[in-house]
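Next come the chains, spelled out residue by residue.
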Amino acid sequence: MSESMATTDSNDGERGEYGERGEYGERGEYGERGEYGERGEYGAGYDVVVAGGGPVGLFLAGELRLGGAKVLVVERLAEVDETIKAGGINTAGAVSLYRRGLLPDLEAAWERNRWRMRAFLGDRERRQGADAPRTPPKFAGHFAGIMMRGDLFDDSDPAFADIGPADGVGLGVPQVELERILGARAERLGVEVRRGVELTGFDAGDEGVVVRLGSGEDVHAGWLVGCDGGRSTVRKLAGFDFPGTEPEITGYQAVVEMSGGERLGVGWNTTDVGTYVNGPFPGRILTVEFDGPPADRSAPVTAAELQAALRRVSGVAEVTVHEVHSSTRFTDNARQASGYRKGRVLLAGDAAHVHSPFGGQGLNLGLGDAMNLGWKLAAVVRGSAPDSLLDSYTAERHPIGAWVLDWTRAQIAVMRPDRHARALRRVVTDLALTTTGTTYLVEQISGVWQHYDLPGDHPLTGRSAPDLELSDGTRLGDHLHHGRALLLDLAGDPKLRARAEGYGDRVDVVTAACPGRPELTGLLVRPDGFVAWAADGGDRGDDLDDALTRWFVAV
């Protein structure tokens, strides 16, 4: 739920449910060739080329592969980027990964990083005379560096009901580890990933895309998805509008070797100059100053530059930065593509939207994009849905992205060092340190509020499906690992099950009771885990038929 950022040693831990080869064998559910065989949909090549091999691109590629598409990922960097970035994923992001069988991998990564945090707190307390290191306090997140107390969070709030075992697991999983987890999954599913290969251009037509690579090769594909970051080449070359607001801060985040930092506060600290962060593991620092954007974001970050920023913001003149292990600059530039599709070209992740890192929303937003787009584009590739289905990608995800941009802008307003902003900050702090305020803010940060405007009047329609405990000992999330839709018959109704006949491999049908939610009689859950139809009783078969036709009928 936060952007507390960390890096760890290279170790993916357990393989999770997919083992060495994956649940579907080495090549994914639909075999080695995909629906269109060896040549793909458009000429000699692939159904989809994904530009960008970060977590969003890799997750999307895996989703496409589950749906039967032949996928190529091209990534400019030759190795996984070790630069310190996002330090965790929120509840919505963790639930998405859990629904694909990756919970053991997340748990292993979280456990490794939990020990690093404990060691950091323990070292600080030993220097301050405490007897023994303590367990980190329950972390509820922060808004603009205003920490929320876990003991004020009301976990009985209905928004947090039935989240399942993924709740809280992703909090300490840094981006670099997540990228390795998703890279291993993509490999097991048969995704081709080419590292050290950059997209330099493309020609998009009505029937497909020709992608030009820095190696001199032209690759033919049916579709191109830009997951190539905030400075996306795909977005620029395709001509997507990218409106937004100009930056007003310069921020640094780094992992360093330093001395003289005993007087630095732990965690988030607000000063007359700006904001700085110390922790949650040794050597991790972050600074924010409201002096405009940096002149050159791409220039190397030096130890002297970090030291000067940290001294200015913290007021601790004796702190000295000796060595920089990992570093990055950032701003609050906030922009969003007006639409996420232009013909055969689509955008996801930072290529579609950029903003400041406060609140840790960026990576989670991108994972949600990938989960939403993957099954839809795969269905179009297979020919089991018209390409107009892709219009729902922008319709559903653009409002979520717009909300995130405003959420980060609001934090900038509260973090400014002027007197008006500081007065506002005191008011927000008072509200945040109440049970109602804490619970509201955690709900927003966690992503559990997110929903899509789908047809139907049931309270669950358009929302992330509750992870129901079923009478056969399974949970709802266990039935989504394949990346297919799920019709859950909770009343043993053969007429309900019969309505799913004819949808073949697109809709799985499971019959089981749910003692914890006896009022529910049926759910239709899309492959991305969102409820397309729900019933509490009676005959609502026509509504179910409409939902099945809307999302899964063949062309």
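Below or above, wherever it landed, is the structure these notes cover. Computed from a predicted structure; not experimentally measured. (Residues numbered from 1 in each chain as written. Predicted model: local features only at pLDDT ≥ 70, side-chain atom pairs only at ≥ 80, totals over all residues. Heavy atoms only, no water.)

**Quick look at the pairing of strand 8 (residues 218-226)**
Note the threshold: Burial classes: relative accessible area under 20% of the type maximum marks a residue as buried, over 50% as exposed, and values in between as partly exposed (1.4 Å probe, protein chains only). Numbering of helices and strands runs from the N terminus, with a helix taken as a DSSP run of H or I at least four residues long and a strand as a DSSP run of E at least two residues long. Two strands are said to pair when DSSP picks up at least two bridges between them.
Of all 9 residues in strand 8, 7 are buried; the element is thus mostly enclosed. Where strand 1 (residues 45-51) and strand 8 come together, 6 bridges link them in parallel fashion. Its bridge partner being in strand 8, V50 is matched across the sheet by V225. When strand 7 (residues 209-213) meets strand 8, the two strands line up antiparallel, connected through 4 bridges. Directly across from R212, in strand 8, lies its bridge partner D218. Taken together, strand 7 and the strand that follows it, strand 8, pair antiparallel across an intervening segment of 4 residues, in which G216 is found at a positive phi of about 95 degrees. Across 3 bridges, strand 8 lies against strand 17 (residues 345-347) in parallel orientation. When the bridges of strand 17 are listed, G226 appears paired with L347.

**Some details on the sheet that holds strand 12 (residues 274-278)**
Two modes of strand pairing occur in sheets, parallel and antiparallel, and in both the strands are linked by backbone hydrogen bonds. This is how the line gets drawn: Under this scheme, a helix contributes an axis fitted over its contacting stretch, all axes are lines through C-alpha atoms, and angles between N-to-C directions fall in the 0 to 180 degree range.
Read across the open sheet, the 5 strands follow the order 11-12-13-10-14; overall the sheet is antiparallel. Edge strands, defined here as strands with exactly one partner in the open sheet, are strand 11 (267-270) and strand 14 (320-330). Neighbour to neighbour, the strand axes of the sheet diverge by 20 degrees on average, direction disregarded. In this sheet, strand 14 lies alongside strand 10 (residues 250-259) in antiparallel orientation, the contact comprising 9 bridges.

**With respect to the packing of helix 1 (residues 55-66) against helix 7 (residues 362-382)**
Selection rule: Just so you know how the angles are binned, under 35 degrees is roughly parallel, over 145 roughly antiparallel, 65 to 115 roughly perpendicular, and the rest oblique. The handedness criterion is simple: a crossing whose near helix is rotated anticlockwise from the far helix by less than a right angle is left-handed, and one whose near helix is rotated clockwise is right-handed. A contact between two residues is defined here by any heavy atoms of the two lying within 4.5 Å.
Contact pair helix 1 / helix 7: the axes reach a minimum separation of 8 Å and the direction vectors enclose 25 degrees. On the basis of the axis angle, helix 1 is roughly parallel to helix 7. For the element pair helix 1 and helix 7, the recorded crossing hand is right-handed. Counted together, P55, V56, F59, L60, E63 and L64 of helix 1 and L363, G366, L367, A370, M371, L373, G374, L377 and A378 of helix 7 form the full contact between these two elements.

**Regarding the pattern of salt bridges**
Our working rule: In what follows, salt bridge is the name for a side-chain nitrogen of Lys or Arg lying within 4 Å of a carboxyl oxygen of Asp or Glu.
Scanning all chains against the criterion turns up 29 salt bridges. A salt bridge links D391 to R341; the nearest nitrogen and oxygen atoms lie 3.5 Å apart. With D391 in helix 8 (residues 391-415) and R341 in strand 16 (residues 341-342), the pair connects residues that are 50 residues apart, well separated along the chain. Assessed through its relative accessible area of 46%, D391 is described here as partly exposed. When its relative accessible area of 23% is taken as the criterion, R341 is described as partly exposed. Here R499 makes a salt bridge to D545, at a shortest N to O gap of 2.5 Å. With R499 in the loop between helix 11 (494-498) and strand 20 (507-511) and D545 in helix 12 (residues 541-552), the pair connects residues that are 46 residues apart, well separated along the chain. Residue R499 is classed as partly exposed on the basis of its relative accessible area, which comes to 27%.

**Observations regarding the side chain of R99**
The condition that has to hold: Neither His nor the chain ends contribute to the count of charged residues, in which Lys and Arg are positive and Asp and Glu negative.
Looking at the secondary structure, you find R99 in the loop between helix 2 (91-98) and helix 3 (103-127). Buried and without a salt bridge, R99 has D467 as its closest oppositely charged side chain, separated by 6.0 Å. Excluding residues that lie within four positions of it along the chain, R99 makes contacts with M371, S464, A465, G477, L480, H481, D528 and G529.

**Brief notes about the pairing of strand 13 (residues 284-289)**
With 6 of 6 residues buried, strand 13 is to be regarded as a mostly interior element. Burial along strand 13 is two-sided: the face carrying R284, L286 and V288 and the face carrying I285, T287 and E289 are both buried. Pairing between strand 10 and strand 13: 6 bridges, direction antiparallel. Within strand 13, the position partnered with Q253 by the bridge is L286. Joining the antiparallel neighbours strand 12 and strand 13 is a turn of 5 residues, in which G279 adopts a positive phi near 110 degrees.

**Quick notes on the sheet that holds strand 20**
In space, the 4 strands of this open sheet follow the order 20-19-21-22, with mixed pairing throughout. In this open sheet, the two edge strands, each paired with only one partner strand, are strand 20 and strand 22 (531-535). Neighbour-to-neighbour, the strand axes of the sheet open up by a mean angle of 10 degrees, direction not taken into account. Summarising the sheet, strand 19 (residues 485-489) and strand 20 pair through 5 bridges and their orientation is parallel. Within the sheet, the bridge partner assigned to A485 lies in strand 20 and is V507. Contacts between helix 12 and the sheet are confined to strand 19, strand 20, strand 21 (522-525) and strand 22, with strand 22 contributing the most and set at about 170 degrees to the helix.

Purely spatial values, then, with no claim about function.
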